[in-house]
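These are the residues of each chain, in order.
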Amino acid sequence: MPRRLDAMVSETDDDERPVACNRVAGVVVTGNEDGAHHVISEIAGALGDIGYTIPGQAWTYWHLGPGAGPDYLDSEQGREWSHKTGRAMASNLYAVAKALAARPIPAPPQ
């Protein structure tokens with residue numbers, strides 16, 4: 001059952017870690033470059049606040065440069081960049097998830 005992310009702020013596991021600890025997250029913005037970096041930083045910051053690990057380059061958006069442009073489905077422009085950053089994001093998320101599975105973040109000191 002999905003839960004609201006803000007409900008996770010105070011939730012902890014049996015070892016007092018945030019429930020999102022030892023989980024990874026990334027951000028996909030369904031929009032053009034205009035504002036995408038701001039949205040990515042706000043969402044990544046919120047995910048980090050509740051315990052997720054955010055690898056570097058764990059984001060993608062549709063890259064057409066600043067300003068308004070056509071919809072993603074209406075143009076081939078910018079797609080390869082989005083696909084390239086999406087593949088990098090998936091690779092980075094997978095690598096960090098494997099690392100956390102092998103060496104989880106320990107519970108906080110008591």
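Please refer to the structure placed before this passage.
Since the structure is predicted, the reported quantities are computational estimates derived from the model, not experimental observations.

## Quick word on the nonpolar core
Next up, step 1: Within the largest apolar cluster, 11 residues are counted, these being M8, A20, A25, V27, V29, A36, I40, L47, I50, Y52 and Y61.
Next up, step 2: Counting residues per element, the ones that place at least two in this core are β1 (27–29) and α1 (36–49).
Next up, step 3: Considering each element in turn, this core owes the most residues, three residues, to α1.

## Thoughts on unusual backbone geometry
Next up, step 1: A positive phi angle is found at N22, which is not glycine, with a value near 70 degrees.
Next up, step 2: Inspection of the secondary structure assignment puts N22 in the segment before β1.

## Considerations on the environment of Y94
Next up, step 1: Mapped onto the secondary structure, Y94 falls in helix α2 (residues 79–102).
Next up, step 2: For Y94, a relative accessible area of 56% gives the class exposed.
Next up, step 3: Along the backbone, Y94 and P55 are 39 residues apart, and their C-alpha atoms lie at a distance of 9.6 Å.

## Notes on α1
Next up, step 1: With 14 residues, α1 extends 20 Å from end C-alpha to end C-alpha; this agrees with the ideal 20 Å at 1.5 Å per step.
Next up, step 2: Within α1, the full set of buried residues consists of A36, I40, A44 and L47. All buried residues of α1 project into a common sector of 60 degrees when viewed along the axis, lining one side. Residues H38 and D49 are exposed on α1 and point more than 90 degrees away from its buried face.
Next up, step 3: Backbone geometry just after α1 places G51 at a positive phi near 115 degrees.

Calculation criteria
- Residues numbered from 1 in each chain as written.
- Predicted model: local features only at pLDDT ≥ 70, side-chain atom pairs only at ≥ 80, totals over all residues.
- Heavy atoms only, no water.
- Core = buried A, V, L, I, M, F, W, Y, C linked by side-chain atoms within 4.5 Å.
- Buried < 20%, exposed > 50% of the residue type's maximum accessible area, 1.4 Å probe, protein only.
- Helix = DSSP H or I, 4+ residues; strand = E, 2+ residues; numbered from the N terminus.
- Expected span 1.5 Å × (residues − 1).
- Arc of directions from axis to C-beta.

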